[in-house]
Amino acid sequence: MFTDAPKRILCIHDLSGAGRSSLAVVTPVLAVMGHQPVMLPTALLSTHTGGLGTPARLATEGWCSAALDHYHSLEMEFDCIYSGYLASEAQVSLVEKAFDLWPRAIKVVDPVMGDGGKLYSGLTPGLCQALRRLCSRADLVVPNLTEACFLLDEPMPSQLTREQAQALAARLGEQYPAAVVTGLPVGRFLMNAGVQKGRSPFTVQRVKIGRSYPGTGDLFGSILVGALLEGQALSAAADLAADFVADAIAATPEEADSRYGVQFEPMLGRLAKR
């Protein structure tokens with residue numbers, strides 16, 4: 001499925017003018033890893049929504065649909081379609097349209113639905129079901145703990161052990177071809193648990209640093225995708241992503257305004273195609 005040749009990736013995420021999240025993270029990471037990201041911004045925002053007030057928004061669904069038609073008319077091929085936060089059923093339909101137009105592309109879905117045991121406000125029952133449907137078509141899903149429990153229709157655990165994290169990944173592996181569950185709190189560690197259908201689950205972990213930033217999920221996901229498309233195994237790709245995110249958090253000054261995300265840009269050279 002994966003080789004080390006550069007890949008063209010259709011990135012279906014929102015674009016924030018300020019704040020390190022979504023396409024502002026995904027695009028430079030995939031580019032420095034030697035791939036060609038093609039942006040399909042589902043919405044334009046002045047800032048991301050993580051504590052910077054109410055952003056100015058511009059919906060782009062009509063433009064996105066026309067852009068997909070244009071790319072298809074050019075006979076442009078995509079090796080991978082990678083989707084992130086989707087704010088409406090119409091935006092889910094855009095991703096499904098891309099899946100239909102490029103059926104051979106590897107399909108990666110980050111089902112952004114909630115965190116901390118709660119679904120995000122504004123997530124309607126119809127949108128929840130649309131996101132479930134989208135995940136059912138994915139080759140790889142990358143949920144956090146809240147989203148994984150929602151996809152499995154299970155209650156949130158009050159605490160986790162390494163064995164429970166692996167078992168959670170294994171249950172996702174029964175439902176999806178591959179999955180990586182991110183940011184699992186296991187004692188003094190943050191753990192990522194992954195699985196591919198027919199294989200044993202794995203975990204990668206890093207010591208908790210004690211600071212939280214928006215956009216780190218996008219950073220993890222884009223490195224994971226980029227490494228997979230280089231030909232790395234899922235466990236190796238998850239390890240690379242976890243390592244980079246942990247180091248980026250550690251390298252961000254504690255006094256920096258956390259709302260603007262981790263200062264990962266000076267570290268991008270580490271990801272340059274090797």
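The paragraphs below set out a description of the structure included in this document.

### Focus: the overall build of the protein chain
- Looking only at helices and strands, the protein chain features 8 helices and 11 strands.
- Expressed as lengths along the three principal axes of its C-alpha atoms, the size of the protein chain is roughly 50 × 45 × 45 Å.
- Excluding contacts between residues fewer than 6 apart, the proportion of contacts in the protein chain whose partners are at least 24 apart in sequence is 68%.
- Of note, the protein chain has its 23 positive side-chain charges centred 3 Å away from the centre of its 27 negative side-chain charges.

### Focus: the environment of Asp139
- Along the chain, the position of Asp139 falls in the loop between α4 (125-136) and β8 (140-141).
- Separated by 69 residues in the primary sequence, Asp139 and His70 have C-alpha atoms spaced 25 Å apart.
- Apart from residues no more than four positions distant in its own chain, Asp139 is found in contact with Ala105, Ile106, Lys107, Pro177 and Ala178.

### Some details on the pattern of salt bridges
- Scanning the model with the defined rule gives 10 salt bridges in all.
- Of the charged contacts, one joins Arg171 and Glu154 as a salt bridge, the two residues approaching to 2.7 Å between their closest N and O atoms. Taken as a pair, Arg171 in helix α6 (residues 162-175) and Glu154 in the loop between α5 (145-152) and α6 lie far apart in primary sequence, 17 residues in all.
- According to the relative accessible area criterion, Arg171 is partly exposed, its value standing at 32%.
- On the basis of relative accessibility, which here comes to 26%, the residue Glu154 falls in the partly exposed class.
- Note that Asp257 and Arg259 form a salt bridge whose closest N and O atoms lie 2.7 Å from each other.
- Bridged by salt links that share partners, the residues Arg206, Asp239, Asp243, Asp247 and Arg270 form one connected network.

### Re the packing of aromatic side chains
- Taken as a whole and judged by the stated rule, the model has 2 aromatic pairs.
- Where Tyr71 meets Phe78, the ring centres are 6.0 Å apart and the plane angle is 70 degrees; that geometry is what we call edge-to-face.
- Given the relative accessible area of 15%, Tyr71 is considered buried.
- Chaining the aromatic ring pairs together yields one cluster made of Tyr71, Phe78 and Trp102.

### Remarks on unusual backbone geometry
- Positive phi values are uncommon outside glycine, yet Ser22 reaches one of about 45 degrees.
- On the secondary structure map, Ser22 appears in the loop between β1 (8-18) and α1 (23-32).
- One non-glycine residue, Asp153, lies in positive phi territory at about 60 degrees.

### With respect to the nonpolar core
- Of all hydrophobic cores here, the largest spans 49 residues; its most connected members are Leu10, Leu40, Tyr71, Ile81, Trp102 and Leu184.
- Apart from residues no more than four positions distant in its own chain, Ile81 is found in contact with Leu10, Ile12, Ala98, Phe99, Trp102, Ala105, Ile106, Lys107 and Val108.
- By size, the runner-up hydrophobic cluster in this structure holds 41 residues, among which are Val204, Leu219, Phe220 and Ala237.

### Observations regarding the side chain of Lys107
- Looking at the element boundaries, Lys107 is found in strand β5 (residues 106-109).
- Put simply, Lys107 is tucked away with no salt bridge, and the nearest opposite charge, on Asp139, sits 4.6 Å away.
- Non-local contacts of Lys107, meaning those with residues more than four positions away in its chain, are made with Ile81, Phe99, Trp102, Arg137, Ala138, Asp139 and Leu140.

### Some words on the packing of helix α2 (residues 61-73) against helix α3 (residues 89-101)
- Between α2 and α3, the shortest axis-to-axis distance is 10 Å and the interhelical angle comes to 5 degrees. Accordingly, the angle class assigned to the pair α2 and α3 is roughly parallel. Of α3, the residues touching α2 (which contributes Glu61, Cys64, Ser65, Leu68, Asp69 and His72) are Ala90, Gln91, Leu94, Lys97, Ala98 and Leu101.
- Of the residues in the contact of α2 with α3, the class split is 6 nonpolar, 3 polar and 3 charged.

### Details of α4
- Relative to the 16 Å expected for 12 residues at 1.5 Å per residue, α4 spans 17 Å between its end C-alpha atoms, a close match to the ideal helical length.
- Along its buried surface, α4 packs onto β4 (80-83), α3, β5, β7 (118-119), β8 and α5.

### As for the pairing of β4
- Of the two faces of β4, the one carrying Cys80 and Tyr82 and the one carrying Ile81 and Ser83 are both buried.
- In terms of strand pairing, β1 meets β4 through 4 bridges, oriented parallel. Residue pairing for β4: Ile9 is matched across the bridge by Cys80.
- In terms of strand pairing, β4 meets β5 through 4 bridges, oriented parallel. Bridge pairing in β5 places Tyr82 opposite Val108.
- Crossover handedness for the path β4 to α3 to β5: right-handed.

Rules used throughout
- Residues numbered from 1 in each chain as written.
- Predicted model: local features only at pLDDT ≥ 70, side-chain atom pairs only at ≥ 80, totals over all residues.
- Heavy atoms only, no water.
- Helix = DSSP H or I, 4+ residues; strand = E, 2+ residues; numbered from the N terminus.
- Contact = heavy atoms within 4.5 Å.
- Lys, Arg positive; Asp, Glu negative; His and termini not counted.
- Charge placed at Lys NZ, Arg CZ, Asp CG, Glu CD.
- Salt bridge = Lys/Arg side-chain N within 4 Å of Asp/Glu carboxyl O.
- Buried < 20%, exposed > 50% of the residue type's maximum accessible area, 1.4 Å probe, protein only.
- Phe/Tyr/Trp six-rings, centres within 6.5 Å; stacked < 30°, edge-to-face > 60°.
- Core = buried A, V, L, I, M, F, W, Y, C linked by side-chain atoms within 4.5 Å.
- Axes fitted to C-alpha atoms, helices over the stretch in contact; angles between N-to-C directions.
- Parallel < 35°, antiparallel > 145°, perpendicular 65-115°, else oblique.
- Nonpolar A, V, L, I, M, F, W, Y, C, P; charged D, E, K, R; others polar.
- Expected span 1.5 Å × (residues − 1).
- Pairing = 2+ DSSP bridges.
- Right-handed = clockwise from strand over helix to strand, strands pointing away.

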